[in-house]
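# Architecture at a glance
So the chains spell out like this:
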Amino acid sequence: MSTKAKINLPDILLQLFADDSMCNYYATKWKREPIDDHKFSFVNIHDFRDFNLCTEFNYLLVILSSLKGFIKYIADIWTALVLLNLTTHTFGSLDGLQKFKWVFLTSIIFSFLILLWDVRKTRRIMISQDIAFAFTDSICYNFYSLKSYSCFCLFHGIEKSKNARDFLAFFVFFRLKRWKRLVLAEAPRQIINGYALYSKLFLFKAGSLIFRPNLFKTPPLQIISLVLITISFTIFFISALCVVVALFLYVPLVCQIQGNLKEYVCHKIDKRIAKLIQTKAKNRAYENQKKSKKISILSSIRKPSPPSSPIP
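Residues numbered from 1 in each chain as written. Predicted model: local features only at pLDDT ≥ 70, side-chain atom pairs only at ≥ 80, totals over all residues. Heavy atoms only, no water.

## A closer look at the packing of helix α5 (residues 101–128) against helix α7 (residues 138–147)
For the record, the criterion: Here an angle of 0 to 180 degrees is reported between the N-to-C directions of two axes, which are lines fitted to C-alpha atoms, with helices fitted over the stretch in contact. Secondary structure follows DSSP: runs of H or I at least 4 residues long count as helices, runs of E at least 2 residues long count as strands, and numbering of each begins at the N terminus. These descriptions rest on fixed angle ranges, namely under 35 degrees for roughly parallel, over 145 for roughly antiparallel, 65 to 115 for roughly perpendicular, and the rest for oblique. Crossing handedness is read from the near helix: turned anticlockwise from the far helix by less than a right angle, it gives a left-handed crossing, and turned clockwise, a right-handed one. Any two residues whose heavy atoms approach within 4.5 Å are treated as being in contact. Residue polarity is assigned by list, with Asp, Glu, Lys and Arg as charged and Ala, Val, Leu, Ile, Met, Phe, Trp, Tyr, Cys and Pro as nonpolar; anything else, Gly included, falls into the polar class.
Direction vectors running N to C along α5 and α7 enclose 60°, while the axes themselves pass 8 Å from each other. Relative to α7, the element α5 lies oblique. Pair α5 / α7 crosses with right-handed handedness. Contacts from Leu 115, Asp 118, Val 119, Thr 122, Ile 125 and Met 126 of α5 reach α7 at Ile 139, Cys 140, Phe 143 and Tyr 144. Tallied by class, the residues present in the contact of α5 with α7 amount to 8 nonpolar, 1 polar and 1 charged.

## A short note on the packing of aromatic side chains
Heads up, the rule is: Each aromatic pair joins two rings of Phe, Tyr and Trp (for Trp, the six-membered one) with centres within 6.5 Å, and gets the label stacked for planes under 30 degrees apart, edge-to-face for over 60, and tilted for any other angle. Between buried and exposed lies partly exposed: a residue is buried under 20% and exposed over 50% of the maximum accessible area for its type, with that area taken using a 1.4 Å probe on protein chains only. In this analysis the charged atom, NZ for Lys or CZ for Arg, is taken to sit over a ring once it is within 6 Å of the ring centre and within 35 degrees of the ring normal.
Within the structure shown, the criterion is met by 15 aromatic pairs. Their ring planes at 55° and their centres at 5.1 Å tell us that Tyr 59 and Phe 152 sit as a pair that is tilted. Of the two residues, Tyr 59 sits in helix α3 (residues 53–84) while Phe 152 sits in helix α8 (residues 149–159), which places them 93 residues apart along the sequence. Both residues of the pair, Tyr 59 and Phe 152, belong to the buried class. An aromatic cluster of three or more residues is present, and its members are Phe 40, Phe 135, Tyr 141, Phe 143, Tyr 144, Phe 155, Phe 170, Phe 173 and Phe 174. A cation over a ring is seen here: Lys 262 above Phe 133, with NZ or CZ 5.6 Å from the ring centre. Seen from the ring of Phe 170, Arg 272 lies directly overhead, with NZ or CZ sitting 4.6 Å from the centre.

## Here's the deal with the pattern of salt bridges
Put simply, the rule is: For this analysis, a salt bridge means a side-chain nitrogen from Lys or Arg found within 4 Å of a carboxyl oxygen belonging to Asp or Glu.
Evaluation of the coordinates by the stated rule reveals 5 salt bridges. Here Arg 178 ties to Glu 186 by a salt bridge, and the two come within 3.0 Å at their closest N and O atoms. One salt-bridge network, in which partners are shared between bridges, spans Asp 118, Lys 121 and Arg 181.

Dropping the structure here:
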């Protein structure tokens, strides 16, 4: 009798870069699995409500992530206003960056245009009521999560998976999904941010790179600007690194799944939803059975005994 072996991350990485025989190992099995689409209208999301401490902590992270996105837009606008007012008196060596300020503003305009495009796609997803599409859309994910804790619990249940291949597929899909924003909206201005940090923090003197000793004498307003630039640039650097890793894994991953990556991800999401619904139905049936047994026991205890017949 064969047993299903657990697949860990190193095994998956070895399989991703294996020969063609490994690529054919899983073939197109997932395409032949009959999985139905799931709509919010036909799923009772309140069944997935979970007040586990770990779930509540992850819900707090979603709130902070949404807040971070809002602060990021504010930080970029603030930095753009600072660059628009660059002078030799305020930033010294950064005066040469004035010719790049329109590039910076153009990238911010691209950012808001992409945001409007994403909102348009989000509206279509909300009309369709498709849970898998809502899960893959960041705006939908945050909107439904903030709107209803039960929706977040459903999404959190979808994210729970011990399958390393699915983890890599989700990682690659969600990272490559951001490439337009990364290249058009973030890369140009973050190059300016990086140069601004380099020019403000370091000084090239006598053939060596040294840290500017008078940095802490900078006015408070400029320190705030530097902090915001640093935050924005750090987020960009981490995101760019993740996209590069995802791009490196994309081809071997597609070789493994032998199909469209978005279709594969949505298929896996619907499969997880079906499994969650089945598990909840079993738990609900078990709880109802326990309640019915308890009621029957209590009713038998409280049932009065028949009166004894009189002795003639």
